[in-house]
Amino acid sequence: MSDNINSENIKEIEDKEWIESLEYVLKQYGSVRVIDLLKKLQTYAYKKGVALPYTANTPYINTIHKDDEPEYPGDYEIERTIRSIIRWNAMAMVVHANKIEDGIGGHISTYASVATLFEIGFNHFFRARNNKQEGDIIYFQGHASPGIYARSFLEGNITLEHLENFRREIYTENGLSSYPHPWLMPEYWQFPTVSMGLSPIMAIYQARFNRYLEDRGLKKVTDSKVWAFLGDGETDEPESLGAISLAAREQLDNLIFVINCNLQRLDGPVRGNGKIIQELERNFRGAGWNVIKVIWGSDWDPLLEKDTNGLLVERVEKALDGDYQKYVVESGDFIRKHLFGTHPDLLKMVENYSDRQLERLSPGGHDTEKVYAAYKAAMENSGSPTVILAKTIKGYGLGEAGEGRNITHQQKKLNEQELKDFRSRFHIPISDDEVGNAPFYKPPEDSPEMKYLHERRKKLGGYIPKRSVLAKPLKKIPDKLFDEFYKGSDERETATTMSIVRLLSKLLRDKDIGDLIVPIVPDEARTFGMESLFRQVGIYSHVGQLYEPVDADTFLYYKESEDGQILEEGITEAGSMSSFIAAGTAYSTHGINTIPFFIYYSMFGLQRIGDLVWTAADMRCKGFMIGGTAGRTTLAGEGLQHQDGNSQHYAYAYPNLKAYDPAFTYEIAVIFKDGIKRMYKDQEDIFYYITVMNEQYKQPAMPRGVEEGIIKGMYRYKSSTLKKSNIKAHLFGSGAILNETIKAQKILEDDFEVSCDVWSITSFKELYLNAHDTERWNRLNPGRKERVSYIGECLKNEEGVFVAASDYLKSLPDSISNWFPRPLVSLGTDGFGRSDTREALRDHFEVDYRYIVITALYELYKTDKIAKKILSDAVKKLKINPKKLNPVYS
Ligand SMILES: Cc1ncc(C[n+]2csc(CCOP(=O)(O)OP(=O)(O)O)c2C)c(N)n1
Ligand SMILES: [Mg+2]
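Visitor: Account for the coordination of the magnesium ion (ligand 2), with residues named and values stated.
Guide: Summarising the metal site, the magnesium ion (ligand 2) is bound by the protein donors D232 (OD), N262 (OD1) and Q264 (O), whose distances to it range over 2.0 to 2.1 Å. Along the chain, the residues donating to the magnesium ion (ligand 2) fall in the pattern D-x29-N-x1-Q. Taken together, the positions of D232 in the loop between strand 2 (226–231) and helix 8 (238–242) and Q264 in the loop between strand 3 (255–261) and helix 10 (276–287) put the pair 32 residues apart, joining distant regions of the chain. With respect to class, D232 is no different from Q264; both count as buried.

Visitor: Which residues make up the packing of helix 29 (residues 738–752) against helix 34 (residues 849–862), and what are the values?
Guide: Each pair of packed helices can be summarised by the angle the axes make with each other and by the distance between the axes. Orientation of helix 29 relative to helix 34, taken along the N-to-C sense of each, is 55°, at an axis distance of 8 Å. The pairing of helix 29 with helix 34 is recorded here as oblique in orientation. Viewed along their axes, helix 29 and helix 34 form a crossing whose handedness is right-handed. The segment helix 29 lies against helix 34, with E740, T741, K743, A744, I747, L748 and F752 engaging Y849, I852, V853, A856 and L857. Along the lines of polarity and charge, the residues of the contact of helix 29 with helix 34 split into 9 nonpolar, 1 polar and 2 charged.

Visitor: Tell me about the pairing of strand 5 (residues 386–391), and name the residues and values.
Guide: For strand 5, a buried count of 6 out of 6 residues is recorded, marking the element as mostly surrounded by other parts of the structure. As defined by bridge partners, strand 3 adjoins strand 5 across 6 bridges and the pair is classed as parallel. Along strand 5, the bridge assignment pairs N260 with A390. By the bridge criterion, 5 bridges tie strand 4 (residues 290–294) to strand 5 in an arrangement that is parallel. Opposite V291, over in strand 5, you have V387 as the bridge partner.

Visitor: Give a description of the sheet that holds strand 2 that names residues and reports values.
Guide: Within a beta sheet, neighbouring strands are joined by backbone hydrogen bonds and run either parallel or antiparallel to one another. Ordered by their spatial adjacency, 5 strands build an open sheet running 1-2-3-5-4, and the pairing between neighbours is parallel. Every interior strand has two partners, whereas the edge strands, strand 1 (137–139) and strand 4, have only one. The mean inter-strand angle of the sheet, taken between neighbouring strand axes irrespective of direction, is 15°. In the packing of helix 17 (residues 368–380) onto the sheet, contacts are made with strand 2, strand 3, strand 4 and strand 5, and the angle to strand 4 comes to roughly 175°.

Visitor: Please give an account of the pattern of salt bridges that cites residues and values.
Guide: Pairs may arise between side chains of opposite charge once their charged atoms sit close together. If you walk through the whole model with that rule in mind, you get 61 salt bridges. The partner of D102 in a salt bridge is K413, and the shortest N-O contact between them spans 2.5 Å. Here the residue D102 occupies a position in the loop between helix 3 (76–100) and helix 4 (109–125), and K413 occupies one in the loop between strand 5 and helix 18 (416–425), the gap between them amounting to 311 residues. Of the residues examined, D102 reaches a relative accessible area of 57% and is grouped as exposed. With a shortest N-O distance of 2.7 Å, K370 and D301 are connected by a salt bridge. Pair noted here: K370 is in helix 17 and D301 is in helix 11 (residues 301–306), with a separation of 69 residues, a long-range link. Taking relative accessible area as the criterion, D301 reaches 11% and is therefore assigned buried.

Visitor: Tell me what's going on with the environment of F528, and back it up with residues and numbers.
Guide: With respect to the helices, strands and loops of the structure, F528 is situated in the loop between strand 7 (517–521) and helix 22 (531–537). Separated by 165 residues in the primary sequence, F528 and M693 place their C-alpha atoms 9.5 Å from one another. If we skip the residues at most four places from it in the chain, F528 touches T497, V501, I599, Y600, Y601, G628 and T629.

Visitor: Give a detailed account of the site of ligand 1, specifying residues and quantitative values.
Guide: Of all residues adjacent to ligand 1, which total 18 residues, the nearest are T110, Q141, D232, G233 and K394. In the environment of ligand 1, an oxygen atom lies 2.9 Å from a nitrogen or oxygen atom belonging to the side chain of N262. Within the backbone of Q264, a nitrogen or oxygen atom sits 2.9 Å from an oxygen atom of ligand 1. For ligand 1, whose accessible area on its own is 590 Å², the fraction buried by protein is 77%.

Visitor: Any details on the pairing of strand 18 (residues 755–761)? Residues and values, ideally.
Guide: Within strand 18, 7 of the 7 residues are buried, leaving the element largely enclosed by the surrounding structure. Side-chain alternation along strand 18 places S755, D757, W759 and I761 on one buried face and C756, V758 and S760 on a second face that is also buried. Bridging between strand 16 (residues 714–718) and strand 18 involves 4 bridges; their strand directions are antiparallel. Residue pairing across strands places M714 opposite I761, the latter belonging to strand 18. Where strand 17 (residues 728–733) and strand 18 come together, 6 bridges link them in parallel fashion. Within the sheet, the bridge partner assigned to H730 lies in strand 18 and is D757. For the crossover that starts at strand 17, traverses helix 29 and ends in the parallel strand 18, the hand is right-handed.

Visitor: Tell me about unusual backbone geometry, and please be specific about residues and values.
Guide: Note the cis peptide between I464 and P465, where omega equals -5°. Its location among the elements puts P465 in the loop between helix 20 (448–459) and strand 6 (493–494). Its identity is not glycine, yet A438 carries a phi of approximately 50°, on the positive side. Tracing the sequence through the fold places A438 in the loop between helix 19 (432–435) and helix 20. Of the residues examined, A438 reaches a relative accessible area of 0% and is grouped as buried. Although it is not a glycine, E753 sits at a positive phi angle of roughly 55°. When you line up the elements, E753 lands in the loop between helix 29 and strand 18.

Visitor: Go over the state of the cysteines with me, naming the residues and quoting the values.
Guide: Scanning the model with the defined rule gives 0 disulfides in all. Of all cysteine sulfurs, the one in C794 lies closest to C756, which takes part in no disulfide; the gap is 17 Å.

Visitor: Lay out the side chain of H181 with the relevant residues and their values.
Guide: Counting through the fold element by element, H181 comes out in the loop between helix 6 (160–164) and helix 7 (198–215). Here D618 takes part through its side chain, which lies 2.6 Å from a polar atom of the side chain of H181.

Visitor: Explain the packing of aromatic side chains to me, using residue names and the numbers behind them.
Guide: In the structure shown here, the tally under the stated rule is 56 aromatic pairs. Aromatic side chains F122 and F140 sit 5.6 Å apart centroid to centroid with 10° between the ring planes, which places their arrangement in the stacked category. One end of the pair, F122, is in helix 4; the other, F140, is in the loop between strand 1 and helix 5 (145–155), and 18 residues separate them in sequence. Pair check on accessibility: F122 and F140 agree, each one buried. When the ring of Y149 is compared with that of F166, the centres are 6.0 Å apart and the planes differ by 65°; the resulting orientation is edge-to-face.

Visitor: Kindly report on the sheet that holds strand 11 (residues 595–601), identifying the contributing residues and their values.
Guide: The sheet built from 6 strands is open, its strands ordered 10-7-11-12-14-13 with parallel pairing. Both outer strands of the open sheet, strand 10 (567–568) and strand 13 (657–660), are each paired with one neighbouring strand and no more.

Visitor: Describe the nonpolar core, listing the residues and the values that go with them.
Guide: In this structure, I204, F257, W289, F340 and F672 are the most contacted members of the largest nonpolar core, which totals 192 residues. At 10 residues, helix 7 tops the list of elements feeding residues into this core. Grouped together as the second largest cluster of nonpolar side chains are 73 residues, F118, I120, I138 and L154 included.

Visitor: Outline helix 34, listing residues and values.
Guide: Compared with an ideal rise of 1.5 Å per residue, which puts 14 residues at 20 Å, helix 34 spans 20 Å between its outermost C-alpha atoms and is within 8% of the ideal. Here helix 34 lies mainly inside the structure; 10 of its 14 residues are buried. Of all the residues in helix 34, the buried ones are R850, Y851, I852, V853, I854, T855, A856, L857, E859 and L860. Where helix 34 is buried, its residues touch strand 17, helix 29, strand 19 (801–805), strand 20 (824–827), helix 33 (838–845) and helix 35 (868–877). One or two residues past the end of helix 34 sits D864, with phi positive at roughly 60°.

Visitor: Residues and numbers for the environment of K275, please.
Guide: Along the chain, K275 falls in the loop between strand 3 and helix 10. K275 sits in the buried class, given a relative accessible area of 10%. K275 sits 394 residues away from A669 along the chain, and the two C-alpha atoms are 55 Å apart. The contacts of K275, once residues within four sequence positions are left out, are Y60, V316, E317, K318, A319, L320, D321 and Y324. Here the side chain of K275 touches V316 through a polar contact of 3.2 Å, landing on its backbone oxygen.

What counts and how
Residues numbered from 1 in each chain as written. Chains lettered and ligands numbered in written order. Predicted model: local features only at pLDDT ≥ 70, side-chain atom pairs only at ≥ 80, totals over all residues. Heavy atoms only, no water. Donors = N, O, S within 2.8 Å, 3.2 Å for Na, K, Ca; no water. Helix = DSSP H or I, 4+ residues; strand = E, 2+ residues; numbered from the N terminus. Buried < 20%, exposed > 50% of the residue type's maximum accessible area, 1.4 Å probe, protein only. Axes fitted to C-alpha atoms, helices over the stretch in contact; angles between N-to-C directions. Parallel < 35°, antiparallel > 145°, perpendicular 65-115°, else oblique. Left-handed = near helix turned anticlockwise from the far one by under 90°. Contact = heavy atoms within 4.5 Å. Nonpolar A, V, L, I, M, F, W, Y, C, P; charged D, E, K, R; others polar. Pairing = 2+ DSSP bridges. Salt bridge = Lys/Arg side-chain N within 4 Å of Asp/Glu carboxyl O. Near = heavy atom within 4 Å. Polar contact = N/O pair within 3.5 Å; in protein donor to acceptor, adjacent residues only side chain to side chain. Areas by Shrake-Rupley, 256 points an atom, 1.4 Å probe, with all protein chains shown as cover. Right-handed = clockwise from strand over helix to strand, strands pointing away. Disulfide = S-S within 2.5 Å. Phe/Tyr/Trp six-rings, centres within 6.5 Å; stacked < 30°, edge-to-face > 60°. Core = buried A, V, L, I, M, F, W, Y, C linked by side-chain atoms within 4.5 Å. Expected span 1.5 Å × (residues − 1).

Below is the structure:
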């Protein structure tokens, strides 16, 4: 027993000595030396076999100590009043909208929690772009849009009519879109953020792209920042955290994440049984970010000050997020018992606090000084990105109507009493009589608040959000460069993938636009034969190449350089697409006409990252997405997961995405030339999806007069040589399957005396859109001269049967069948892919020339043009197995 006492005593003495030594070093030499010493001790202990427990967490308190907080440069009172008015108007917008039309939706509680985090930014940090400064790039949390509108209302950039038409965009020009959508509000919103998880990954790649532009000398080096505001629930999306190590690796100190940790998501707590702030801290610190936690408001400072034995820190660390949510809705008495009642010393700490005071102990994210200190530290941090983890209260100020309640995310209506309470809590000068209608409130222009608000924004360069098209249209579109692609390859067999890479290589050399091309590839350059570009233009790396590449002695070595042009993203289609978006919107964000050229495995594009593509479409992003080695049967060997028979279909869903499935090199050249012109000279808000294949065949020279057809979606590639036959068929093919139709044409002509024309379909989507558009116009304009669709124009006097084949689902040709003189019969690749040869695959999916021949013959038989016997003989002759399983079910 006495031994124990002795050893305890010794321990105490040891502790004291060590702490005193540390204290001495800290005082004498500062924290850097302390860190150094501790590291040395750690290493020494490790060498001696002492495995220290690892934790990436710091205690559950603010990262910035109260004594290190800078002086607050703003006027608290005025800022609080402004914030309160914005809170009110943001809430009123949603209440209004739902009063007029039940179910129109909207969110109150997200902004209620993030208001301070935004407002400190608006008053002190967010720089607008103008002719003197580049400005910051800000991704606002999507569901908080009412608060952004409400601020713009005070600033004068959004009118009362706008507020009254929140979520009513159809019948008024002054409606407001539910969330940030540049497509709908192109002079206001820059970044769509409402699909959770996309803004964090886009922000990371945006910050990296800003660096890329600087390193390549395309823009000046500035200290502008990319801010991304996210929800804590949002961090569950894989995209949210999926690229954070890239941000640290690239040392993106131009990037600041602010995570609004209100501990709740839509259904309930984010981590009721844990602590989201600590979890995120671990993730971000582990990845190498500068993490700033803003957990406690100033009211907590005196308590933490009193906590000399660490009991309080221990207790707040132990309490779960589920507990903290409860403290928001519970009484002070409950907080006293539950949080502080675990130890007499803790209870003593709050013995002089009233219940009301305990209820009002607020989290750091609602404390202007704490938030300001965090933002300032983030601005000053260098060498790593910063994440601010700010604890807030969801539905802050809603009281009984939803503060901290699980239902709060969906709260859209407040009754009269709740409106009164909200009004009183935030001191909004609206009378009891009026308050039930939730009227909007704007202080007089000459009020101190309005003056302050304008003055702050003036200082920061203007009002935000604001979107504009800063880049001038390109004057010169390369012309001559494309000529060689129209000529054909003579006897040489090449694939369209090779052609597009050759085209890219030439574009990169072009003196007018070469610098603007941004090749992006997710670890697939060799697959597409692009490795020559490594050497030609280099792979971008902010630090250059710090090692000697293993293939340094070869001509096409792996060259990384600071001004490298290729973004070799590694295996991340989502990251690559985020780069694509940054580059394809630089005409607006930076006033630079960069032209992204993103080449990837087509199956891992629209199918995998379709939502990012949707965001790109919303953002009016430009550029070329190239789906490589596309086609379900053209990509031999790779099998079920790789063989793409769908992506052309997905492309239909994106209104401003042009989708092409070209067969020949010259078609690619025509589409490209037109695309660059339309996007960068005519400034159309469109982007391109082009599928290219790895099947090698002779590339024909461009026939005369087909350019317009290529762009519009189809043209007659090869007329029949059998002019006299009165049996007629038209075969339509796209991509590499066009060659099968050409083979089928020959057989139909030689063996069956069918006069047969072959048409190349370059874009089913263009044909589909044009046909529907024409029909719609005719339907709505019955008295006027009927318009004819492009398909109708092409096939005006054509007779016979019509058969189409592509390497995609049958529904692709089906989608345009309505406008053909007779139904178009479709062949396609419905079903799971297989690994086998092209020949076998085309037999399996029934898209080879034999099936095209049989289909044409069957249609001719049905229209009494040929006898049944010819058809049945043909089935045998072409060795088609009638018992074969339908590939869609196999
Ligand atoms: C990809 C995606 N999935 C689901 C939703 C629907 N949704 C909208 S808000 C929300 C909860 C948001 O919680 P959090 O990120 O914590 O933000 P808070 O509102 O709490 O600030 C959900 C699930 C969405 N917008 N995007
Ligand atoms: Mg949340």
